[in-house]
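The lines below spell out each chain.
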Amino acid sequence: MKDQFVVPARLKKTSFVLMGVGLLTLLIGLIAFHGDNATRFWAGLLQNSSFFLLITLASTFFIAATTLAHGGWQIAFRRVPEAISMAVPVLSAILFVVVMILVFGGKEDIYHWVNAHHVAEDKVLTWKSAFLNKGFFTVATILTLGLWIFFTMKLRKMSIEEDGWDLRPETGRKLLWRNTVVCGGFLVVFTLSVGSTTPWVWLMSIDAHWFSTMYSWYTFASTWVSGLALIALFVVYLKKHGYLPFVNEEHLHDLGKFMFAFSIFWTYLWFSQYMLIWYANMPEETVYFQPRVWGEWRPIFFLNLLINFVTPLLFLMKRDTKRNYTAVVFIAIVIIFGHWLDFWQMVYPGTVKHLVFPWYEFGLGLGFVGLIIFLVSNQLTKAALVPKNHPYLKESIVHHT
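Rules behind the numbers
Residues numbered from 1 in each chain as written. Predicted model: local features only at pLDDT ≥ 70, side-chain atom pairs only at ≥ 80, totals over all residues. Heavy atoms only, no water. Helix = DSSP H or I, 4+ residues; strand = E, 2+ residues; numbered from the N terminus. Expected span 1.5 Å × (residues − 1). Bend = angle between axes of the 7 residues up to and from the residue. Buried < 20%, exposed > 50% of the residue type's maximum accessible area, 1.4 Å probe, protein only. Contact = heavy atoms within 4.5 Å. Patch = residues over 30% accessible without salt bridge, like charges linked within 9 Å, V, L, I, M, F, W, Y side chains within 5 Å. Areas by Shrake-Rupley, 256 points an atom, 1.4 Å probe, with all protein chains shown as cover. Salt bridge = Lys/Arg side-chain N within 4 Å of Asp/Glu carboxyl O. Axes fitted to C-alpha atoms, helices over the stretch in contact; angles between N-to-C directions. Left-handed = near helix turned anticlockwise from the far one by under 90°. Nonpolar A, V, L, I, M, F, W, Y, C, P; charged D, E, K, R; others polar.

1. Re helix H13 (residues 298-316)
- Over its 19 residues, H13 runs 27 Å from end to end, which matches the ideal 27 Å to within 8%, given 1.5 Å per residue.
- The largest bend in H13 amounts to roughly 25 degrees and is located at Val310, with the proline Pro312 lying one to four residues further along.
- Among all positions in H13, only Ile300, Phe301, Asn304, Leu305, Ile307, Asn308, Pro312 and Leu316 are buried.
- Of the surrounding secondary structure, the elements contacted by the buried residues of H13 are helix H9 (215-240), helix H10 (249-280), helix H12 (290-293) and helix H14 (325-347).

2. Considerations on unusual backbone geometry
- One non-glycine residue, His70, lies in positive phi territory at about 55 degrees.
- Within the secondary structure layout, His70 lies in the loop between helix H2 (38-68) and helix H3 (79-85).
- The backbone of Lys353 shows a phi angle near 75 degrees, a positive value even though the residue is not glycine.
- Mapped onto the secondary structure, Lys353 falls in the loop between H14 and helix H15 (359-380).

3. Quick notes on a nonpolar patch on the surface
- Among the surface-exposed residues, Leu24, Ile28, Phe357 and Trp359 lie close enough to one another that they form a single nonpolar patch of about 430 Å² accessible area.
- Within the secondary structure, Trp359 is located in helix H15.
- The partly exposed category is assigned to Trp359, whose relative accessible area is 35%.

4. What about H15?
- A rise of 1.5 Å per residue sets the reference length of H15, with its 22 residues, at 32 Å; its end C-alpha atoms lie 31 Å apart and thus fit the reference within 8%.
- Summarising burial for H15: 16 of the 22 residues are buried, a large majority.

5. Let's talk about the packing of H2 against H15
- As a packed pair, H2 and H15 sit with axes 9 Å apart at the nearest point and diverge in direction by 35 degrees. Here the hand of the crossing between H2 and H15 comes out right-handed. Facing Arg40, Phe41, Gly44, Leu45, Gln47, Asn48, Ser49, Phe52 and Thr56 of H2, the residues of H15 in contact are Trp359, Tyr360, Glu361, Leu364, Gly365, Phe368, Val369 and Ile372.
- Taken together, the residues that form the contact of H2 with H15 break down as nine nonpolar, six polar and two charged.

6. Overview of the pattern of salt bridges
- Using the criterion set out here, one finds eleven salt bridges in the structure.
- For Arg40, the salt bridge identified is with Glu361, shortest N-O distance 2.8 Å. In this pair, Arg40 is assigned in helix H2 and Glu361 in helix H15, connecting sequence segments 321 residues apart.
- On the basis of relative accessibility, which here comes to 0%, the residue Glu361 falls in the buried class.
- Note that Arg323 is salt-bridged to Glu249, the shortest N-O span being 3.4 Å. In this pair, Arg323 sits in the loop between H13 and H14 while Glu249 sits in helix H10, placing the two residues 74 residues apart along the sequence.
- Because the salt bridges share partners, they merge into one network encompassing Arg78, Arg79, Glu82, Arg156 and Asp163.

Given below as structure tokens:
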């Protein structure tokens, strides 16, 4: 039984190649997009850094939610989302640098509200200036990223420490209790950030005149289902290479059911947000959808629905598909790409304005993928792949058998 992961040379080479592509794309973008074209350079960085940070943070959410639900089924592969979550500190640092440059560098083509003169002459921006200001943005960003990193690293540290504990009933109770406390604290932070303010200040404030109470939940649904797909990819990879001995088709099936269910949940939010705004037909709300539904972004807007709803719905509806390694890998990649595309159409119509071929954005995305592969594979080597002292391990081993 292989319980200690060793990074294959091929995987390490792949991560370096992808990171190289990302860095080369960044350098080309720095040369190609300057002056009046610099908007695209920064928009691409904002789109990719926020998307990939949030889908890795979804692994911390997965750990916290299943812990509070006493879900023992995932213990057999728990170290996978733990390793993915450890990309959060690095990706948080990247996003922090990007957004601070945008705000304090006066990039008003991204964040219109950073220009005090525009705010003074605009009633909507003046009204929203209570939270759309540099001070609130900075404090909210630092506090949010700091708490995400703290809870992510705390959960990882506790998990590794528990491998050295004596396995006794009182030890198991202590383990469950301290995990419950920390996970509960994280979920409070997660709800108040991802479920509320964070998407407002980082992404929604690009279209600062727009109003929507569902935007944060929509963003959460997009990154949550993408995060589940990312977990599934690493689980399949490790299983195919002889690791995760206790993982079977039932675990993969459950991950597939989660991807199926939350693809529908994302669609529910997509439809609810659009339908209510379309029906009310209020200018302060329809302003967001005008370039996306009636402008040149229309094909991307509806392609988004086709990839992120129709494809997972038809593909994952069948039981056998959710239990097939190749099929799960395919649909997981489709889901991640589809929601990456969703973030592209969330950021670009309000910044770059015109529809462009996303060679630069896709190149940056490959760089982030390479970085995640490198960070996660490195973390997988730092602890046993099975948390042997977890009291729910036996439940996970006999899952659905």
